[in-house]
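# Structural description and commentary
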Amino acid sequence: MNLIIFAGIMGVVMMFGGLLMKQKHQATLLATVLVLLLLAGNTWEMLHGPIFSIQAPHMLATSRFGLLINEILLAAGLLYLLVSGRDIEKVGNYVAEYYALIFFIFAGIGISTAYTNLLMLFLGIEIISIPLYILTGADKRNLKSIEAALKYFLMGSFSTGIMLMGIALIYGGTGSFLLEKFSLQGAPISYNLVAGLLLILVAMAFKVSAAPFHFWTPDVYDGAPTVFTSFMATIVKVAGFIAFIRLFEGASGIIAGKWQWVIAIIISLTLLIGNITAVFQQSVKRMLAYSSIAQAGFMMFALFSMNNWGREGIVLYAAAYCLATIGIFAVLTKMDDYTYQGFNGFARREPMLAVALAVMVLSLAGIPLTVGFFSKYYMVASAVAAGFGGKFLWLLVLAMLCAAVSVYYYFRVIQAMYFKEAEQPQSALPVSAGFRYLVAGAALVVVLLGILPQWLLQFLYF
Amino acid sequence: MKFAPYIPLLPLAGFLINGLLRNKLSKGLVGIIGSGAILAAFVLSVLVFNQTLQGETAVLQLFEFIKVGSLTIPFEFQIDQLTSLFLLIITGVGFLIHVYSTAYMHEESDSHFARYFAYLNLFVFSMLLLVMGGNYVIMFIGWEGVGLCSYLLIGYWFKNTEYNNAAKKAFVMNRIGDLGFLIAVFWIISTFGSTSFSAVFGQLPGQFSTAAITGITLCLFVGAMGKSAQIPLYTWLPDAMAGPTPVSALIHAATMVTAGIYMIARSNMLYVLAPASMHVIAIVGLATALLAATIALKQNDIKKVLAYSTVSQLGYMFLGLGVGAFTGAVFHVMTHAFFKALLFLGAGSVIHGMHHQQNMLHYGGLKKWMPVTHLTMLIGCIAIAGIPPFSGFFSKDEILIHAFAANPVYYVLGMGGALMTAFYMFRLYALTFLGEHRGDLHHHTPHESPKAMTIPLVVLAVLSIVGGLVGIPELFMNNGHRLESFLTPVFENSKQYLEQHAHPSHSTEWMLLAVSVSLIVLVILFTVRTFAKGKESEEATGLGKLLQNKWYVDELYDGLIVKPLLALGTVLNNVIERSGIDRLVNGVGRAVQYSSRQLRLLQSGNVGSYILMMVLGIVGLILLVFYTRL
Amino acid sequence: MPITYYIFLAVIIFCIGVTGVLTRRNSIIVFMCIELMLNAVNLLLVAFSKLHHQRMLVLDAANVTAGTESQLFVFFIMVVAAAEVSVGLAIIVMMYRAVHSVDINFLNRLKN
Amino acid sequence: MILSSFILIPLIAGLLAFFIKQDQLVKGWSLLAALATLAAVLYSFTMPAAAEGLSYSRIWLGSLNSHFSLLLDGPARVTTLLTAVSFVIIFIAIFKNSYADASQYFGLMLLSMAGLMGVFLASDALLFYFFWELALIPVYFLCSKWGGERRVPVTFKFFIYTFVGSVIMLIGIIYLYSKTPDQSFSWASFKQAALTAKEQAFFFWFFFVAFAIKMPVFPFHTWQPDAYETAPVGTTMVLSGVMVKMGLFAVLRWLLPVFPQMSDKMGGFIIVLAIIGILYASLIAIRQDNIKRLIAYSSIAHIGLMAASLFVKNDMAYQGALIQFFNHGINIIGLWIVVDIIERQTGISKMSELGGLAQQAPRLAIMLVVVALANIALPLTNAFIGEFLMFSGLYQQNVWYAVVAGIAIILAAVYTLGMIQKVFFGQRNEAVQVADLQTAQWLALAIIIVLIIAAGVYPKPLLELGGSLVKTIPLAVAP
Amino acid sequence: MDKSQLMFWFLSALAVFSSLMVITRKNPVYSVLFLIITFFAISGHYVLMNAQFLAIVNIIVYAGAIMVLFLFVLMLMNLNKESEQQKNKYLLWSGAIAGGMLMVIMIAALNTTEPAVVNQPGAGDIGLIKNLGTKLFTEYVVPFEISSILFLSAMVGAVVLGKKGD
């Protein structure tokens, strides 16, 4: 919960820092330090309790789960700044402001992982969304960026409208904005509440780009400056999921037996559309956009089964997905050519990065020995553990078949890197050795967590 | 008896030495090693024979070969009278043929020469395993081993594709039979729980269903059909003449092809309990004897005539087995080994002398160049035609008499076959040795073969003459049939279950003998007169053409079995595999790509349509939750 | 007035807003339609506020502040809407500067 | 600990191999690692074993109740021995071949060896799944990078195909896990999983499909000929010699004991499917002109027989199949060595373009003939024992199984002899030049031939290695 | 029907009518003006429900500030002419139908048989500034403070996006 305060303050610090600093990389340095501080603060809170205690029981409540997710997202953010800082500097002139926005987003993430009141959810989502609209349009010279920002903004606002309608109806049904009020099972079910829950579900599905509310995702991810796509697709998306899960943690019983069907249909649509459409893509960036939809389909399993397995799974998923996607995007931003052909002969060009990328891609595809496997594993296991293995077996099979389809487009990256030769010999990427080691380190973490996922999960329980 | 296991080991050693050192050894050394190994084996066989002659038999368990659950298949040898007789035939005739080969194959290069002897030794090894094996599995090892050697030796001149095809055909046809054999073995295992002869026969007659026994025996007979070239699996044998002639003599006349007879004689206990199988064997044997004889009538290739003759003679042996004349069949195996080996080696000598010309129409009048060959061949012809007191007479007569006892029709048909045998053998003799020479004398002058070839001929000729004396029928001499009394321990148990036929009276026997011998002599005289003049054209018409083309059986098989199977293979490969299964598999991939192309169109780039989808999604969800029952 | 009337009214206005979003191409008007949707929500929230207030009064006469929270929520919606409008209009202006059009379908490079 | 060394030696050696830059050194290193593994395997055979075999267990994922547990029982003995021996032979055979990026090639080979060992040893379902994939991934890289023409799409098809199978299996594993009495992945618990008849029916197929694709059994086999054709030959040897045994082995360890009723009920159907596959593949093999595809189809036929035998569930078929695991692996590696020699020197793999090679390379021809004879299960070669027992077992189950499947014996003779004839015999094609065997290849083939004959003449040690069916699948046999 | 009911129907009709005009007018300026009328109608509803604070805020913030901003932008861009030609009739109709469907479905779904609680106008004074203010600065101080972040980011956004050239 301290994250909200610290992140807000640091956002302000960045804003003013921007006035003082003349050099772009100073801003990056400052931002990195500040994220490190955030991370340290959050770690402290996780281990020893909050530094400031905010007494707002009806608004926010910390949970170990939320803190762990914050920790993961902050670590991912640190990695993100370290590997992509240079690219943020290249987007435009307002580097400090970009960082400020990123910190504001972290404040929003802090809210999303700790809210207990629909108002806070609304504010949190908006605090995340509004800076993102701006970041999407940050590359003003690029028409794609403008288009993406406009699309994102209009559709985002529309979904806000839907969400608000949902909140209003829930209020009509329960007379409260508190999660606990409508989470109570066995409370009289009003139609307002059910309709409201559905609408809010739709709005959240929009945020995490679940089908059929995902349409903004490919266009926005494609159009936004690649560094910010990386941020959006990973950290923000996971935060959206946490908000989603918190929202429905106890509410799934309200729609009684139909909840699983609703989610199952959304999951299957998401998986199918995400995976199948990704097959066709020629641009790696756009492929990653569809892949993020596809991964969202898997993450939705946590909502589907609503049990501890799902929660553990989402923790792993957060780590797996953030690490891998940030790594791939970091390399992608250094490339001139975002198509698969651009990766031809990459293994010769950058052997170490190629290995790291391969590991990350394998992780995204869910191959064992990478954390991506366990994240998918926990998702399927959650559904089985919840007792849906029989009735919804088709969903599990579908999910697994979609995972197999995903191998198709992920492995095209590996194929390009390792088995195809570039048309003309290319020099190494213009990156520092530190960058290479960082990406490789991330890949190593992916493998280590793939062998011992408990190392991460134990933080949920100690 | 202790040294019996060394009998097969000797040729195996010969095979290994000649095979591994084939580039290092000289031809002389190779010949000595190859023949020496067989000679040593022969000597040991004689010792073994001596012991069995005194009624000593043994089952030697060497080591545990296969042990699975309750089933144990030891690597065991069974040495008894039947075995020792075959040992003698195999090693004896084998040795002669080895000696013969040292001269016949002398034109080959060193390493090929060694390869040839290695194969021959391997063959003898396998054949010995076959006859010594104490259970059906060991027998099967030899059974397939001889098939392999036959394959290797038929395709010995591997540059020639036709020879290779013949080799392949032999192997595959043998394999068809082997499958029958294998199934019989499985059946035996499931019925008797063991494959050892002693254990299996020891349980008989027991409470076994006739159906099972009949099934087993018929399956075994299928194996025999393949190995001993019976209808319908006989067509490989004539083609097998592609191999070097000594090989034909050894494998495709004297030894391997009689494996079927050995096996059935060995399994006599089973067969007597399955009369239906016996009938089948008799009929198939007789049919084969007649069919092959008719084909032999019009063949012009000297080896082909002999080959069909072999098929025909094997048919007689099966006839004998079928009518319960086990001793007669074995007797005929023995005499046939002598005179057919002799004939083949003689033919080989002729071919050698004629510089690998095998068409009899180009022979004629060879007796003046090749006196030894001529004389020995004549003896062979007489023996096979069944003129007393040559060996063939006694053995064939024994079979035919038994056939008469079983069914006079068998006798009449068998007699017809015998007449045809006389006809084609003397046709061969006359076309080859009598009359004017029809070949081109300017290029090649026929010559007599070297000593290494003629001596075995002479030895075999002597055996062909006197070989029959071990089985002089009761008709001529009381207790003359030494062979029968020798083999009694093998067959005595089964005798009581044999279908009992009234044995023809002596007077009937005398009459039959007189008629048959005189008919044969008549045929011989007619044949020699006709063909000494060389009256035979290349082109035949009518029935002759049918016979010359072997009743078109090969073509029939080709059209009925081979081509459809190949076509089926092609269909499976091109249609089912490529356009069916694989297409389906690839189709899944293609369907995904297709739907990918279609689904991306949803992503129209148009905010209005995106939001439209969202609204429809909301509508759908509300409908789902409020208005459906799940 | 029965609460359902308010619900219906809000839903009708909300859906008119949705229809506007679906059918119009001028991004400013689309944005205005979204504002219309927000207002429909606001209206509904205020109506529920009254409903809830009265319900709670029946149960607990001392609870005079029941229902305040949804009016405060409306307040926050307006706050957020204001922030959104400033950003949204900035985006629209940015687009207009670049392509001299505010048609949402004018820029259509990102698809498939 | 000795069991872990089966996996760890190749794993560590493989990882280290990536850093050895000298080609000869890395080859020697790999051979050394394989030999060390073989030594470990052989040493383990001398160790006194409990009734079920050697085992080792250590906690791995506590919260999932998954253990790093290994079990060396009868089938595992055979397959680990096969793996160790095969890799030794393979490394010898390809010693003289040159590879671009040799360190990567050999490193990946060793990694796949570690994966294979793991699959054969794992007695924890999750661990098993891990190794199942670990064995596959290196092969994917090996085939895609060092393979022949069209290597990328072909390998990809292979990969996705098998991957589909394994993810389906993963669902089964997860589901069974939830049904085990103690929520554990261990083999013992899986055998006690309480499943309803319907669940058995479903998940039996989930597992079977994964294994069937790996084997491959008709009609899941279409990836295989293409993959064998394009993969680099060392990898093809691994694929065809060892990797196909994964599926068969998995049936023994994970399918039959876990789904006893279903495997009884469906056994007949699967056997029929396998037998159809045997004949089908044999008939297709006859029509192949490409020698590699011929061997591939021949392998499908052989594997089909083993698959059928596993479902027969009597001792003869079981032991026959087990011994055949080993024999088939050795034999097919021998065939590939010969094919490799020919293809490397001539660049031709079409039989119609070859011919008469026996004149140029007599030693090679003899070696091929011996291996080919083993391939058609001639007595006194190793495969005879296996096939004899398998057919015998099939016969005990149903006469017609043995009779119909037996036709394959004949067809095998047809295509194998046809291959020998077309490649080695007949008129020599002057344009095609083949030198005779080099030492390394000679050595590899000699080892193979010694094994072929030794196992053919004295199969007892190998048969004893496998143990009896009752020990492996006690539940299946109990009424 | 008393006065307040009459007012309700009038205001409702006005709101629906003017919002319909918002989405049907070709000229955006008219749309803006009709939107302002809608807002006024909604504010009227607020007054009816004794939520004066919100009524005032609605008029000042929405109708006043926000709508003027819209109008300003429109004028700035000189978009008062009808510049919008809907090429895709299909999309237009499907949009209209989908919107209508949503409406029907939502109304149907929300049409409860719950006992109709009459919303008496004028009852309760929770809508007064005093009550709201107290609550806002006690219980709702956290969101209130947090919304400042929202404004800060909106401000930064205006700078980043609106500033010309870079």
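All chains use their own residue numbering, which begins from 1 and follows the written sequence. Starting at A for chains and at 1 for ligands, labels are handed out in the order in which the entities are written. Owing to the predicted nature of the model, reporting of local features is limited to residues with pLDDT of at least 70; listing and counting of side-chain atom pairs is limited to 80 or more, with chain, interface and lining totals taken over all residues. Side-chain numbers here rest on the full set of heavy atoms in the structure, without hydrogens or water.

### Let's talk about the overall build of chain D
Definition in use: Note on conventions: DSSP H or I runs of at least 4 residues are helices, E runs of at least 2 residues are strands, and numbering of each starts at the N terminus. Throughout, radius of gyration means the C-alpha value; the globule benchmark is 2.2 Å times the number of residues raised to the power 0.38. Between buried and exposed lies partly exposed: a residue is buried under 20% and exposed over 50% of the maximum accessible area for its type, with that area taken using a 1.4 Å probe on protein chains only. Contact definition: two residues touch when any of their heavy atoms are within 4.5 Å. For this count, His and the chain ends are skipped, Lys and Arg are scored as positive, and Asp and Glu as negative. Where a charge lies is defined by one atom per residue type: Lys uses NZ, Arg uses CZ, Asp uses CG and Glu uses CD.
Tallying secondary structure elements over chain D gives 21 helices and four strands in all. The C-alpha atoms of chain D give a radius of gyration of 21 Å, which matches the 23 Å a tight globule of 479 residues would have. Dimensions of chain D, computed from C-alpha atoms along their principal axes, come out at roughly 70 × 55 × 45 Å. Looking at the 479 residues of chain D, the share that counts as buried comes to 73%. Residue pairs at least 24 apart in sequence account for 82% of intrachain contacts in chain D once pairs closer than 6 positions are excluded. When the 27 basic and 21 acidic side-chain charges of chain D are each reduced to a single mean position, those positions are 1 Å apart.

### Details of the nonpolar core
Using the following cut-off: We define a nonpolar core as any set of buried Ala, Val, Leu, Ile, Met, Phe, Trp, Tyr and Cys residues linked to one another through side-chain atoms lying within 4.5 Å.
Formed by 799 residues in total, the largest nonpolar core has its most connected members in Phe-374, Tyr-377 and Phe-411 of chain A together with Phe-211, Phe-388 and Phe-424 of chain D. In this structure Phe-388 of chain D touches Ile-66, Ile-73, Val-137, Leu-182, Val-185, Phe-186 and Ile-189 of chain B, once residues within four positions along its chain are discounted.

### Overview of the interface of chain C and chain E
Put simply, the rule reads: When two parts are brought into contact, each loses some accessible area as probed by a 1.4 Å sphere; the total of that loss over both is the buried area. A pairing counts as a salt bridge when a side-chain nitrogen of Lys or Arg comes within 4 Å of a carboxyl oxygen of Asp or Glu.
Between chain C and chain E, the residue contacts involve 70 residues of the former and 80 residues of the latter. Here chain C packs against chain E, burying approximately 7,000 Å² in sum over the two surfaces, 75% of which is carbon and sulfur. Among the residues chain C hides against chain E, the three largest losses belong to Met-1, Met-32 and Lys-50 of chain C. Together they make up 10% of the total. Scanning the region where chain C abuts chain E turns up zero salt bridges.

### Re the domain arrangement of chain D
All names here are of chain D. As a reminder, the rule being used: Per the annotation, domain bounds derive from an automatic or database assignment of domains.
For chain D, the assigned domains are domain 1 (1-258) and domain 2 (269-479). The interface is formed by 52 residues belonging to domain 1 together with 49 residues belonging to domain 2. A combined buried area of about 4,300 Å² lies between domain 1 and domain 2, and 78% of that area is made up of carbon and sulfur atoms. On inspection of domain 1 and its partner domain 2, the count reaches two salt bridges.

### Some words on the environment of Glu-107 of chain B
Residues and elements named next belong to chain B. Looking at the secondary structure, you find Glu-107 in the loop between helix 3 (81-104) and helix 4 (110-132). For the pair Glu-107 and Tyr-429, spaced 322 residues apart in sequence, the C-alpha to C-alpha distance is 27 Å. Ignoring anything within four residues of it in the chain, the contact list for Glu-107 reads Lys-27, His-352 and His-356.

### Here we look at the packing of aromatic side chains
Selection criterion: Note on aromatic contacts: the rings of Phe and Tyr and the six-membered ring of Trp form a pair at centre separations within 6.5 Å, being stacked when their planes are under 30 degrees apart, edge-to-face when over 60 apart, and tilted otherwise.
Tallied over the entire structure, the rule returns 125 aromatic pairs over all chains. With centroids separated by 6.0 Å and ring planes inclined at 65 degrees, the aromatic side chains of Phe-419 of chain A and Phe-141 of chain D adopt a geometry described as edge-to-face. Here the residue Phe-419 of chain A occupies a position in helix 18 (residues 393-419), and Phe-141 of chain D occupies one in helix 5 (residues 125-146), the pair thus bridging two chains. Residue classification places Phe-141 of chain D among the buried positions, given a relative accessible area of 12%. Both rings, one in Phe-128 of chain D and one in Trp-254 of chain D, keep their centres 5.2 Å apart while their planes meet at 40 degrees; by these two values the pair is tilted.

### Regarding the packing of helix 15 (residues 326-353) of chain B against helix 19 (residues 451-466) of chain B
If you want to describe how two helices pack, look at the angle between their axes and the distance between the axes. All names here are of chain B. Operational definition: Helix axes are fitted to C-alpha atoms over the stretch in contact, other axes to C-alpha atoms as well, and angles between N-to-C directions run from 0 to 180 degrees. If an angle is under 35 degrees, it is roughly parallel; if it is over 145, roughly antiparallel; if it lies from 65 to 115, roughly perpendicular; otherwise it is oblique. The hand of a helix crossing depends on one turn: near helix anticlockwise from the far one by less than a right angle means left-handed, and clockwise means right-handed. Any residue outside Ala, Val, Leu, Ile, Met, Phe, Trp, Tyr, Cys, Pro, Asp, Glu, Lys and Arg is labelled polar, Gly included; the first ten of those are nonpolar and the last four are charged.
Contact geometry of helix 15 with helix 19 gives a least axis separation of 9 Å together with a crossing angle of 150 degrees. Our classification of the angle between helix 15 and helix 19 gives roughly antiparallel. The hand of the helix 15/helix 19 crossing is left-handed. When helix 15 is examined against helix 19, the residues Phe-338, Phe-339, Ala-341, Leu-342, Leu-345, Gly-346, Gly-348, Ser-349 and His-352 are found in contact with a partner set consisting of Met-453, Pro-456, Leu-457, Leu-460, Ala-461, Leu-463 and Ser-464. In terms of residue class, the contact of helix 15 with helix 19 is built from 11 nonpolar, five polar and no charged.

### What about the arrangement of the chains?
In this assembly eight pairs of chains touch, with chains C and E having more contacts than any other pair. These two, chain C and chain D, are apart from each other, with no contact and a minimum C-alpha gap of 25 Å. At the C-alpha level, the nearest point of chain D lies 38 Å from chain E, with no contact between them.

### Remarks on the environment of Thr-570 of chain B
Inspection of the secondary structure assignment puts Thr-570 of chain B in helix 23 (residues 553-599). For Thr-570 of chain B, a relative accessible area of 26% puts it in the partly exposed group.

### A short note on the interface of chain A and chain D
One frequent convention defines the size of an interface as the accessible area lost when the parts assemble. Filter applied, for reference: Residues adjacent in sequence count toward polar contacts only when both atoms are side-chain atoms; beyond that, a polar contact is any pair of N or O atoms within 3.5 Å, and within protein one must be able to donate a hydrogen and the other to accept it.
Tallying the contact residues gives 35 residues for chain A and 35 residues for chain D. When chain A packs against chain D, the two sides together hide about 3,100 Å² of surface, and 82% of this comes from carbon and sulfur. The largest per-residue losses of area from chain A upon contact with chain D belong to Tyr-377, Met-400 and Phe-419 of chain A, which jointly make up 20% of the total buried on that side. Where chain A meets chain D, there are one salt bridge. Asp-101 of chain D serves as the salt-bridge partner of Arg-348 of chain A, at 3.6 Å between the closest nitrogen and oxygen. In this structure, the connection of chain A to chain D is made through three residue pairs in polar contact (both at pLDDT 80 or more). Listed by contribution, the elements that provide at least two residues to the side of chain A that touches chain D are helix 16 (351-365), helix 17 (371-388), helix 18 and helix 19 (433-451) of chain A. Counting residues per element, the side of chain A that touches chain D draws most heavily on helix 18 of chain A, which supplies 14 residues. Its residues assigned to classes, the side of chain A that touches chain D comprises 29 nonpolar, five polar and one charged.

### Observations concerning the confidence of the model for chain D
All names here are of chain D. We count it as follows: What pLDDT expresses is the predictor's confidence in each residue, scored from 0 to 100.
Averaged over every residue, the pLDDT of chain D is 88; residues scoring 70 or more account for 97%. Contacts of residues 475-479 to residues separated by more than four positions or lying in other chains number six contacts, the stretch itself having pLDDT below 50. Here the predicted complex carries an ipTM of 0.91, next to a pTM of 0.91.

### Notes on helix 2 (residues 27-53) of chain B
Rule in force here: Expected span of a helix: the number of residues minus one, times 1.5 Å.
Between the first and last C-alpha of helix 2 of chain B there are 38 Å, a value that for 27 residues agrees with the 39 Å anticipated at 1.5 Å per step. Remark: Gly-55 of chain B follows helix 2 of chain B within two positions and exhibits a positive phi of approximately 85 degrees.

### Considerations on the pattern of salt bridges
Applying the stated criterion across every chain, the model contains 29 salt bridges over all chains. Here Arg-286 of chain A and Asp-222 of chain A are joined by a salt bridge, their closest N and O atoms 3.0 Å apart. Remark: Asp-222 of chain A occurs in helix 9 (residues 216-223) and Arg-286 of chain A occurs in helix 12 (residues 284-299); sequence separation between them is 64 residues. Like Asp-222 of chain A, Arg-286 of chain A is buried. Among the salt bridges present, the one from Lys-563 of chain B reaches Asp-558 of chain B, with a minimum N-O distance of 3.1 Å. Relative accessible area serves as the criterion here: at 29%, Asp-558 of chain B is assigned to the partly exposed category.

### Re the domain arrangement of chain A
Residues and elements named next belong to chain A. On domain assignment, one finds that chain A holds domain 1 (1-255) and domain 2 (262-462). Counting from both sides, the interface comprises 46 residues of domain 1 and, opposite them, 43 residues of domain 2. For the pair domain 1 and domain 2, the two sides together bury roughly 3,900 Å², of which 78% comes from carbon and sulfur. When the buried surface of domain 1 facing domain 2 is broken down by residue, Val-83, Thr-226 and Phe-241 rank first, second and third, together holding 15% of it. At the surface where domain 1 touches domain 2, the tally comes to four salt bridges. Salt-bridge contacts for Glu-249 lead to Arg-311; the nearest nitrogen and oxygen are separated by 2.4 Å. For the side of domain 1 that touches domain 2, the secondary-structure elements that each account for two or more residues are helix 2 (24-48), helix 3 (64-91), helix 9 and helix 10 (226-248).

### Regarding unusual backbone geometry
Ile-231 of chain B connects to Pro-232 of chain B through a cis peptide bond whose omega is 5 degrees. Following the sequence through the fold, Pro-232 of chain B ends up in the loop between helix 8 (210-227) and helix 9 (236-239). A cis amide bond links Met-215 of chain D with the next residue in sequence, Pro-216 of chain D, at an omega value of -5 degrees. Considering the arrangement of structural elements, one finds Pro-216 of chain D in the loop between helix 8 (197-214) and helix 9 (223-230). Even without glycine at this site, Asn-65 of chain D takes up a positive phi of about 60 degrees. A positive phi angle is found at Arg-150 of chain D, which is not glycine, with a value near 55 degrees. Residue placement: Arg-150 of chain D occurs in the loop between helix 5 and helix 6 (151-179). Judged by its relative accessible area of 53%, Arg-150 of chain D is exposed.

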